[in-house]
Amino acid sequence: MAANENVYYVPAQSRLPLLASIALFLTVFGAAHWLNGSAKGPWIFLTGALLFAAVLWSWFATVIHENMAGLNNQQLKRSYVWAMGWFIFSEVMFFAAFFGALFYVRTFALPWLSGAGDTSSTNEFLWPGFTEQWPLMTTPDMVRHGEQAVMTGPAENMSFPGFKAMLGWLPLWNTLVLVTSSLTVHIAHGALKNNNRKSFNLWLGITVLLGISFVALQAWEYHHAYTAMGLTLNSGIYGATFFMLTGFHGAHVTIGTLMLLIMWLRSVLKNHFKPHDSFGFEAASWYWHFVDVVWVVLFFVVYIFG
Amino acid sequence: MEHGPAKGLTRWLFTTNHKDIGTLYLWFSFTMFLLGGVFAMVIRAELFEPGLQIVEPNFFNQMTTMHGLIMVFGAVMPAFVGLANWLIPLMIGAPDMALPRMNNWSFWILPFAFCMLISTLFMEGGGPNFGWTFYAPLSTTYAPPSVTFFIFSIHIMGASSIMGAINIIATILNLRAPGMTMMKMPLFVWTWLITAWLLIAVMPVLAGVVTMMLMDIHFGTSFFNAAGGGDPVLFQHIFWFFGHPEVYIMILPAFGIVSAIIPTFARKPLFGYSSMVYATAAIAFLSFIVWAHHMFTAGMPLAGELFFMYATMLIAIPTGVKVFNWVATMFRGAMTFETPMLFSIAFVVLFTIGGFSGLMLAIAPADFQYHDTYFVVAHFHYVLVPGAIFSITAAVYYWLPKWCGRMYNELMGKTHFWLAFIGLNLTFFPMHFSGLAGMPRRIPDYHMMFADWNMISSMGAFLFAGAQVLFLYIVISTIVAGRKASDKVWENPEGLEWTVASPAPYHTFSRPPPIQ
Amino acid sequence: MKQRAGKPGSPWLLAPVLAGVGYPALAAEVERWAFNMIEGVTPISREIHGLHMEMFWWCVAIGVLVFGVMLFSMIFHRKSRGVKAAQFHENTWLEITWTVLPIVILVLMALPATRTLINLYDTDEADMDILITGYQWRWKYDYVNDDLSFFSNLSTPREQIDGLVAKGPYYLLEVDEPLVVPINQKIRFLITANDVIHSWWVPAFGVKKDAIPGFIKESWATIIEPGIYRGQCAELCGQDHGFMPIVVEAKTEADYQVWLSEKQAEMAAIRELTAKTFTFDELYQRGEQVYLRACAACHQANGEGVPPTFPALKGDSMVTGPIADHIEVVVHGVRGTAMQAFGEQLSEVDIAAVVTYERNAWGNNMGDMTQPIDIYNHKQGK
Ligand code: HEA
Ligand code: HEA
Ligand code: CUA
Ligand SMILES: [Cu+2]
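Residues numbered from 1 in each chain as written. Chains lettered and ligands numbered in written order. Predicted model: local features only at pLDDT ≥ 70, side-chain atom pairs only at ≥ 80, totals over all residues. Heavy atoms only, no water.

### A look at the overall build of chain C
The cut-off we apply is this: Numbered from the N terminus, helices here are DSSP runs of H or I no shorter than four residues, and strands are runs of E no shorter than two. In this treatment the radius of gyration is a C-alpha quantity, and the globule benchmark scales as 2.2 Å times the residue count to the 0.38 power. Contact between two residues is taken to exist if any of their heavy atoms lie within 4.5 Å; hydrogens are not considered.
Counting its regular elements, chain C contains nine helices and ten strands. The C-alpha radius of gyration of chain C comes to 28 Å, more than 25% above the 21 Å expected for a compact globule of 382 residues. Viewed in the frame of its principal axes, chain C has a C-alpha envelope of about 95 × 50 × 45 Å. Within chain C, contacts between residues at least 6 apart in sequence are counted, and of these 64% link residues at least 24 apart.

### Points about the UniProt feature "domain: Cytochrome oxidase subunit II copper A binding" (unreviewed entry) in chain C
What counts, and what does not: UniProt positions are given in the numbering used here, feature names are shortened, and annotations may be inferred rather than shown by experiment.
The UniProt feature table records "domain: Cytochrome oxidase subunit II copper A binding" (unreviewed entry) at residues 125-262 of chain C. Taken end to end, residues 125-262 of chain C comprises 10% helix and 44% strand; its first and last C-alpha atoms sit 27 Å apart.

### Description of the coordination of the iron atom of ligand 1
Residues and elements named next belong to chain B. Formally: Atoms are scored as donors when they are N, O or S and lie within 2.8 Å of the metal, with 3.2 Å used for Na, K and Ca; no water is included, so coordination may look incomplete.
Coordination of the iron atom of ligand 1 by the protein involves just one donor, His379 (NE2), at a distance of 2.1 Å. Here the copper ion (ligand 4) and the iron atom of ligand 1 are spaced 4.5 Å from one another. Inspection of the secondary structure puts His379 in helix 14 (residues 374-404).

### Remarks on a nonpolar patch on the surface
Residue and element names in this part refer to chain B. Cut-off, in case you're wondering: Only residues whose relative accessible area exceeds 30% and that form no salt bridge enter a patch; like-charged residues are grouped when within 9 Å of one another, and nonpolar side chains (Val, Leu, Ile, Met, Phe, Trp, Tyr) when within 5 Å. Methods summary: accessible areas were calculated by the Shrake-Rupley approach with a probe of 1.4 Å, and residue burial reflects only the protein chains presented. The salt bridge definition used is simple: a Lys or Arg side-chain nitrogen within 4 Å of an Asp or Glu carboxyl oxygen.
Together, Trp418, Leu419, Ile422, Leu426 and Leu463 make up a nonpolar patch on the protein surface, roughly 410 Å² of accessible area in all. Looking at which element gives the most residues to the nonpolar patch, the answer is helix 15 (residues 410-437), with four residues. Residue position: Leu419 is located in helix 15.

### Details of the interface of chain B and chain A
The criterion, for reference: Throughout, buried area stands for the accessible area (probe radius 1.4 Å) lost by two parts on being put together, summed over both. Polar contacts here mean pairs of N or O atoms no more than 3.5 Å apart (in protein, one a potential hydrogen donor and the other a potential acceptor; neighbouring residues in sequence count only if both atoms are side-chain atoms).
On the side of chain A, 67 residues touch chain B, which itself brings 69 residues to the contact. Contact with chain A buries surface across chain B, with Phe14, Arg101 and Trp105 of chain B losing the most and accounting together for 14% of the total. Glu66 of chain A serves as the salt-bridge partner of Arg101 of chain B, at 2.8 Å between the closest nitrogen and oxygen. In this assembly, chain B and chain A are joined by 14 residue pairs in polar contact (both at pLDDT 80 or more). Residue assignment for the side of chain B that touches chain A shows that the elements contributing at least two residues are helix 1 (10-13), helix 4 (100-119), helix 5 (147-174), helix 6 (187-218) and helix 7 (232-249) of chain B. Take the side of chain B that touches chain A: its biggest share by element is twelve residues, from helix 6 of chain B.

What follows is the structure in structure tokens.
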């Protein structure tokens, strides 16, 4: 069957959606049990997650086959483009919630806690002695309860250490790695358009490696934070915002790397993608650029001006 | 590929057909509506008179919470998505939704999500009892353990909504028949396009805020805890950044429905089509900058208070344009009053009343007296019940003949309307009074001075419930035994959906239809 | 004493409803049928009432216009009258008119609202400060300038709520210790909470402010008439949200001063009791009262609690363990749970009493007891 420009391909019945729903349900159901301390939780979670992975696998396989069988006309491809674009927009909004929280805390909550604004009584009666700083090293709880404080700040923070110590500062390297990877994936795309398979594989491969190194560096940074800096999720609002923003970003890098890796494997092993028919790869690369942009914002907001 | 529906259960489980999926959505939402309604009945029964009679206060709070959540996420939103599934491809001359498999996935997430949500009621410590707005720290540090399940069910409902919205946008932007330009699209399509955009913009924010809750509960972060430098009010800002657009998500498609029905029965084209489109866009835009009107008493700085008051008041302008356009459509028409029209007219009147009380709430200093009283409950039920629910009901009466090829019984339809209309006003109008007299919301027991209004409300609610049972009967009896409907169904309705047979064939517009 | 409720309004409006529901005597029913916001007894509450009415009449006017045109069309432009539908469907001037007109109306509404709001936010130059803290489910009042503080609990008996006895006139709107304030003074309320969010609302003052844990929000009132004013917590704060009323007694300056010195003397007397040694029975009996007032909402009168949120005390290992641990939990609470630090809320005498009670009630029969002075020492860290 060749794509007829006038006929939109409506797929036949499929069990995948239902299976995907079941898998998703098991995953979160298991996760909730797990968090609530039930011993069954991890197993249900794992079953769900594996099933989910399997479903995604065969779902994408189906889509790829349909495309190669020529069932997809230009219009359907445009649908995929729109869908990916709006999906990325939804991700932007997800990050916006966390950036918004950071903004709010720094602009409003902390100044109020230290007595700014109309209601200086907050500081006077509830947190006497607390003064706003960022990164927040001394939490209101520490000021008030001293040794007994539960919500304690970190011992050290991740902020820009000044130009002298810059080279030993991990986030800078992370930024370099990620920005470079955006460039390499772009070069790969160009190579694909020029039908230069070898160069495409090379540059895409490099991108994947860069992605992996980013994640590794990030993991190292976390390890350092937890073991050497006393910076944890529990380190007051600084720790909370730091780990949530970088953590969700890291999770997205991981997913993006996986996506690119799969694209790389498809190209290397199966010779997928043609110069003008490579949406799978393009979608992954958009996602990659998006992840990169988030990092740049994060770098400035969390590290430089943090 | 001309394949008809598969046989048996698999037709529904594995379907990729927009009409089947639309049907699934609609039945699911109706089920949830009945369930949410039963919870409301528990509330109304407990509030029938002062004193604690039927339920414990803690269970009462669970009922309030579940009622709100289920009505919003389980009844109204899926109903509109169901209508979108059925109607958008038909209205724009598309063969199906843009991404049919994902469409089915969006649906099938919901039953699981809601089973999980409802199951919390049977868990140790009870279900969510912190209101549908789940303010921290009542919903974090002080919540029952089932809150974890609540959070994850919100997550996957959100995923479902986002996918549904992406699908709708892709369909509208990409699958219009040649010649169906944007400014020729029926208003229902327009309003859904904008609604979908709102959904994609705010559902992730909801996901973000419940994620923060999850972290506060299980991983010791302090987003909503001042001791660690956070702020409980931060929760409210993020929640309402989602929550306010959410209420317009529940009304914009309704505007689209009414804009289709009124012209048909007034036999006159819709007045001011393009201004309707612009007004919808304006409402959507404004909905992003008014969220803190839910937080006037939370102690924002004066400047914020003033900004959100002014911005909120502005929404009256585009909404007013819509109301005036509907009235102008009716003016000098040749009207008949079939059931869909009755529901639509009631929509215009009662929604406007709800809008008026909304505007009163927007006046920040006055909101200091209204906030968290039954006046607010009256406001939002007036925009939601005769707003969202009536528009959905009108839509069902209007398009049911097209869906199943059979006509409902007009007399029964009208009976349903009048019962619902009277029941609803009896239920919710007195709430204005009890609220102004000082009755707080979310309480299981109250002083005698509110007793009489509450008794009226409860009786009205039971009447309204009866009307909904009648509705269920009417729908079923129409599907199985209604008399045959013509392809056009109504005298001179506008739109592509009326050009196909009744019932609409399983596959329509496999080739794009010509547009005038 | 003044009970301000809704104005009677026009009774005939209600007559049909009354007849329907079957209440015969109108006069006595006025308060029950209250249907409008009260004017209240502060300048702000009166301004708000004025705004409210103004808004209401605007809405009525617009409603009459819009619904009037609709009704007109529904009557005269119906097909059964044989009319032919006109086909017009656009008119730019009309659209502009009905965009601009509402703008004008909105500006007219916004102006007075802005004025009132600015006024409402002006908490400067107050004559006295009262720090109000919401607890699950009671209010604490601190007279910041007068070294006086106490808790205010719902005083409606459980039997009334369960319908076992007739409900009193102030059902659910009565407390053991009302907040007492002088009239004609600018009182600044500093509002906060200890656990979850509450909201301190007294309709007659036009004051409603959320009590946010960890933050203090301000509001103010100048009361112009002496009287008793009642309100309720207005933010969902858990199980007993409906049962934490607010009662404010406004007195003339002279009466207020009398009350203040009496209250301070009473407080001093309680402090003195700390040094006294009580018998077991005294403690047990007092403890039962304290328990019902402060603990039973969560742990239940029968000590069985509502697990898992509120653990049982009957047979609980904490209660039947070392007495020092028991005191520690009561005095300092358990952080991160609903168990509050009652050291701030109850006097030494009451804590000693309630600990003794808990250790001996419901068959716990530990047979031991503790004295106020032990609690005092515990608090001092000894
Ligand atoms: C479908 C849902 C829906 C819709 C459409 C609206 C519409 C509006 N809402 Fe409402 N609202 C809710 C659902 C909705 N709301 C819910 C669920 C809550 C409570 C949430 C909770 O706390 O649980 C709430 C609460 C709520 C509050 C908070 C109250 C409080 O908690 O203290 C406020 C305050 O400003 C408000 C305002 C408005 C306004 C100004 C509009 C406007 O859009 C209305 C505009 C319409 C008109 C004004 C009528 C038509 C106009 C004309 C005829 C033109 C001429 C008119 C004039 C110039 C006056 N709403
Ligand atoms: C679209 C949304 C929607 C809809 C349709 C409704 C519909 C109804 N609502 Fe609800 N409501 C909310 C959204 C909605 N509500 C929200 C968001 C809240 C706030 C929650 C919170 O505070 O957190 C709320 C809160 C709320 C309260 C305040 C609770 C409180 O503050 O404690 C009350 C009280 O009367 C109420 C009543 C009703 C009633 C009687 C109906 C009726 O219209 C329902 C009618 C339907 C049926 C009854 C079902 C059909 C009948 C049967 C299945 C037969 C069996 C029936 C019997 C047993 C009699 N609602
Ligand atoms: Cu305290 Cu509600
Ligand atoms: Cu809103």
